[in-house]
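# Structural characterization, general
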Amino acid sequence: MESQRQIIERLRAAFQSGVTAPLQFRLTQLKSLLSLLEDNEPQILEALQKDLAKPKFEAVLSEIDMVVNDLCYTINSLPTWIQPSYVGKNLATKLDDCFVRREPLGVVLIIGAWNYPLQLILAPLIGAIAAGNCAILKPSEISRATERLLAQLIPKYLSQECFAVICGGAEETKSLLENRFDHIFYTGSQAVARSILQAAAVHLTPVTLELGGKCPCLIYGRLDMLAAAKRLVWSKFFNAGQSCVAPDYVLCTPEMREELLPAIAKALSIFYGSQPKQSEDFSRIVTDRHWDRLMALLGKTQGRVVMGGEGSKEDKYFAPTVVVDLDGSDALMQEEIFGPIMPILTIESLEQGITFINQREKPLALYVFSDESQVVNMVLERTSSGGFCSNDGIVHMTLPGLPFGGVGASGMGSYHGRWTFETFSHRRGCMLRGWGLERISMLRYPPYTESNLSWLRWATSAKKKSWGVCSVM
Amino acid sequence: TRNILRLSTEEMEKQAVDGARRAFNSGRSRPLQYRKQQLSALLRLIRERQAEIVSALKRDISRSEFDTPIFELIGIENDIKLAESNLADWMAPQPVKKTLLTITDDVYIKAEPLGVVLIIGAWNYPWSLTLRPLVGAIAAGNAAVVKPSEVSKSSASLLKELLPQYLDTEMYPVVTGGVPETQELLKQRFDHIFYTGNSTVGKLVMEAAARHLAPVTLELGGKSPCYIDKDCDIAVACRRITWGKFANCGQTCIAPDYILCHPNIQHRVIEEIRQTLLEFYGEDPKTSPDYGRIINQHHFDRLLALIEGCTVAVGGESDKSQCYITPTILKDVLPHARIMQEEIFGPVLPIVTASDVNEVIRFINERPKPLALYVFSSNKKVVRRMLNETTSGGVLVNDVMVHYTINALPFGGVGNSGVGRYHGKHTFDQLSHHRACLIKSLAMERLNMARYPPMTPSRLRTSMFFLRSRSGSCDQALRAWAVVSSLLALALLISLLVVLLRDSNIAA
């Protein structure tokens, strides 16, 4: 059995041999990854079912298909992405070649999470491979079945020289982080993120942190309440609320709450029937420990449970729950809920709602439901968040053109589509000069003179945009 | 009484940061007008006070009055002018490609300010390395706490005096001081920390930032290798290298640190450089107004210690009283010599010999990734190999340092030489949050029905139809559809013409 250090050294040697650089190699590996998903769909679905009781629909859409889409997009676009991009110059360098090359970083570490155990580790891997790196995958040990499946399948489909899966818990991750990587990609909690950043600081390793937080959902103004409720309920209770971009809590006026509650109840009954426990489309909580945490939150809340509230520990079922009459100091408002509990807080005005949101850490996603565009714009202008979506939830992260990532406490860096490729690349500025035009170069040499200086300044300054050819642009 | 009247150091830093945050939270740094106003004020500062800046630099580092505009001020001016011309575009939402499902929605990326940025400058180009990040911070709508290096004393106190005269004082406070003041600053919470300096302190900055989960940009250094191929114009190469190496007395993060060349051309290289030094600085560089000095005693002693034990081919003299070290070339330097273990940052140029390109590439790759890599060669194959088989922050072929002047090129390191990049629009991007925005309406609910539970195989199929990428892209599908519909239209047109002609024949 290889030690962690040996694995890393082996991957580093492979990287240095240059085997991951050619486009052909990267495309082959990506196509292989695609085969992994296509050949093993039943096994993947089974593992996800074991880990999270994930309904087939959710598993296909949010795990398998998301990765497949990203793979297809990357495979099609990679030949374009790796081309150098040429940039504008100033007069003194007009005859030179200036361009930016995307280069691989080396050996990267990707740490996955348990709530979307396949997507959150394979989506970053796509960009790591596309950018020409070697990668170590460290899947979450909490989603055990998926972890084991990945450990078994990755070596079968991807080059064992360049890609490895290392399994384990907190101890193994800690020792893994003592090694030097060229980039660390982490999805998970803020507490662990801090220790990852500190471990990265020792080696000056750049990191991408996909964290969480409490994603606010503001419902305000004129709107179709049932349509909004459906989308809200869908986003909140997808994966039993265990999504980093699930709307964590709702803000609305007392009057709107009166309309919202029956609309939510209706949506819930349409989606999961009168007994969500019997519905095949409702997931379970990932472990006993997480189930206990959620039950404890319900126990501590000062609010009133108006829907759900029950659960059964044996099968880790936790009913879709709605809590009202609570305020910002409540137990449910202190940490990311990450479960099927929806607190609804009331606000007197949009202004108050915006202030409430801004008093808290910047969230990963921010949602507004309203048919009034000035309401949407006001919230957009006056808040900050990783991503923003109006009149829906979660779906903004399925668009390949949008960067997915947090800001402030919700994370740093972004990925998906081309953004993953850029995350795992180094943008190297390149300039190729010739030997000629030494006369112009002479202007810059000592002994210095005023007239040389003024010629040189003229040649190297930016001109106004309208000058076109002469401008830096 | 003095202690009661003076604020303690801790409070001064905290006050500056709190004030900046208050100013940012007021929202006044966000409108385009404000940003442009602050940027043009900064431009005026540089233009109106150039004489004072030049004097401060002369006192700090004996910088020639001609070097200052070229090496420091033009870069800042260009960045400001670029931002002024383009800020409206940069701030506008950038639409992105949509999927079939979001075809009626607004999908775009919007650049937003981060909040309060900390900018820690360095002493070798105290104006450029502090103000260029500031330009990006202002352009991106942030507040910024500016901490110039205490090592370049005159520049630091001049900056502290001048900035409040031109910019919004609360929004962009200047905090001066040394290590304790910097440490105090680093305890505060920032939304981004921008540091220029060495790797050792860089690691401490990153660690401090970790506590608040703050992203960082680290512009560090390292040993920038300079390879001179046998196949090149050695005279021109050596002239350009001499210029880059000895400007600012070698105290430039992208100065060519050491030379790699074939042993057969080492002598020629030394002679060309020696000749160029004569042209540039005369017989006695000490008397040339264009040759600088080492910043302080500590670095002076450090450099002399590095020269010890090596073979001096040119120079080697020094004058402690002036912190003067003559331009020095060392020959036949061994890879394990002390001077090859740390960034030189001075007017000492070691030459390490290597027998071929393979050895050069291996030598470079065995060492930490540098900030800049220089290759002098007329051989396209050699150039291509160096580009493909090494990595570095930036690379420049057949010259040194001037890639720094192209603000369209991202400037930054990789690995040990740094994290992140800036210059021109890159600073704006680095100090912004690029927020992904999806603006939908509550209509078109029928399309959404397919994704709601309860799940049926047909609903799954419908959802997948809309969400799944094909092996082509959405673009290609649309293009295919455009072609097909054009062909159909053409076919219809032809049939119509045929019918009309037949009719007209019949009529005739």
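Residues numbered from 1 in each chain as written. Chains lettered and ligands numbered in written order. Predicted model: local features only at pLDDT ≥ 70, side-chain atom pairs only at ≥ 80, totals over all residues. Heavy atoms only, no water.

Moving on, we come to the sheet that holds strand E16 (residues 387–390) of chain A. The strands that make up a sheet are held in pairs by hydrogen bonds between backbone atoms, and each pair lies either parallel or antiparallel. Spatial strand order, E10(A)-E13(A)-E14(A)-E9(A)-E8(A)-E15(A)-E16(A)-E17(B)-E2(B)-E1(B): 10 strands in an open sheet with mixed pairing. What marks the edges here is a single partner per strand, and that holds for strand E10 (304–307) of chain A together with strand E1 (94–95) of chain B. With three bridges joining them, strand E8 (residues 216–219) of chain A and strand E15 (residues 365–369) of chain A adopt parallel strand pairing. By the bridge assignment, A:Cys217 is partnered in E15(A) with A:Tyr367. Running at roughly 135° to strand E14 (residues 341–346) of chain A, helix H9 (residues 225–237) of chain A makes contact with E8, strand E9 (249–252), strand E13 (321–324), E14 and E15 of chain A of the sheet. (Pairing = 2+ DSSP bridges. Helix = DSSP H or I, 4+ residues; strand = E, 2+ residues; numbered from the N terminus. Contact = heavy atoms within 4.5 Å. Axes fitted to C-alpha atoms, helices over the stretch in contact; angles between N-to-C directions.)

Size of an interface: often given as the accessible area lost when the parts come together. Opposite the 114 residues of chain B that make contact, chain A presents 107 residues. A combined buried area of about 9300 Å² lies between chain B and chain A, and 59% of that area is made up of carbon and sulfur atoms. For the pair chain B and chain A, the number of links is eight salt bridges. A salt bridge links A:Lys362 to B:Asp191; the nearest nitrogen and oxygen atoms lie 4.0 Å apart. On the surface where chain B and chain A come into contact, there are 43 residue pairs in polar contact (both at pLDDT 80 or more). If you tally residues by element for the side of chain B that touches chain A, the top one is helix H5 (residues 67–91) of chain B, at 11 residues. (Buried area = accessible area lost by both parts, 1.4 Å probe. Salt bridge = Lys/Arg side-chain N within 4 Å of Asp/Glu carboxyl O. Polar contact = N/O pair within 3.5 Å; in protein donor to acceptor, adjacent residues only side chain to side chain.)

A word on the UniProt feature "active site" (unreviewed entry) in chain A. Residue and element names in this part refer to chain A. Cross-referencing UniProt, the feature "active site" (unreviewed entry) maps to Glu210 and Cys244 in the present numbering. In sequence the annotated residues extend across 35 residues, while in space they remain close, none of their C-alpha pairs exceeding 8.9 Å. Mapped onto the elements of the fold, Glu210 is located in strand E7 (residues 207–210). Glu210 gets classed as buried once you look at its relative accessible area, which sits at 3%. Ignoring sequence-local partners within four residues, the contact set of Glu210 consists of Phe185, Tyr186, Thr187, Gly188, Phe404, Gly405, Ser410, Gly413, Ser414 and Tyr415. Tracing the backbone shows Cys244 in the loop between H9 and E9. Overall, Cys244 belongs to the buried group, its relative accessible area being 14%. Apart from residues no more than four positions distant in its own chain, Cys244 is found in contact with Asn115, Leu211, Cys215, Glu336, Phe338, Leu364 and Phe404. (UniProt positions renumbered as here; feature names shortened; annotations may be inferred. Buried < 20%, exposed > 50% of the residue type's maximum accessible area, 1.4 Å probe, protein only.)

The next thing to look at is the side chain of B:Asn407. Looking at the secondary structure, you find B:Asn407 in the loop between strand E15 (394–397) and strand E16 (418–419). Side-chain polar atoms of B:Asn407 contact the side chain of B:Asp79, separated by 3.2 Å.

We now examine the environment of A:Leu211. Note that A:Leu211 resides in the loop between E7 and E8. Look past the residues within four positions of A:Leu211 in its chain and what remains in contact with it is A:Tyr186, A:Gly188, A:Ser189, A:Gln190, A:Ala193, A:Cys244, A:Leu364, A:Ala409, A:Ser410, A:Gly411 and B:Leu213.

Residue and element names in this part refer to chain B. If you check UniProt for "active site" (unreviewed entry), the listed places come out as Glu219 and Cys253 in our numbering. Within the secondary structure layout, Glu219 lies in strand E6 (residues 216–219). When its relative accessible area of 3% is taken as the criterion, Glu219 is described as buried. If near-sequence neighbours (up to four positions away) are discounted, Glu219 is found in contact with Phe194, Tyr195, Thr196, Gly197, Phe411, Gly412, Ser417, Gly420, Arg421 and Tyr422. Given a relative accessible area of 14%, Cys253 falls into the buried group. Contacts of Cys253, omitting those with residues within four sequence positions, involve Asn124, Leu220, Ser224, Glu343, Phe345 and Leu371.

In terms of nonpolar packing, the biggest core is built from 336 residues, with A:Leu125, A:Ile264 and B:Leu134 touching the most fellow members. In terms of residue count, helix H4 (residues 56–81) of chain A provides more of this core than any other element does, 14 residues in total. Setting aside anything within four residues of it in sequence, one finds A:Leu125 in contact with A:Leu33, A:Ile110, A:Ala135, A:Leu137, A:Ile154, A:Leu158 and A:Phe163. (Core = buried A, V, L, I, M, F, W, Y, C linked by side-chain atoms within 4.5 Å.)

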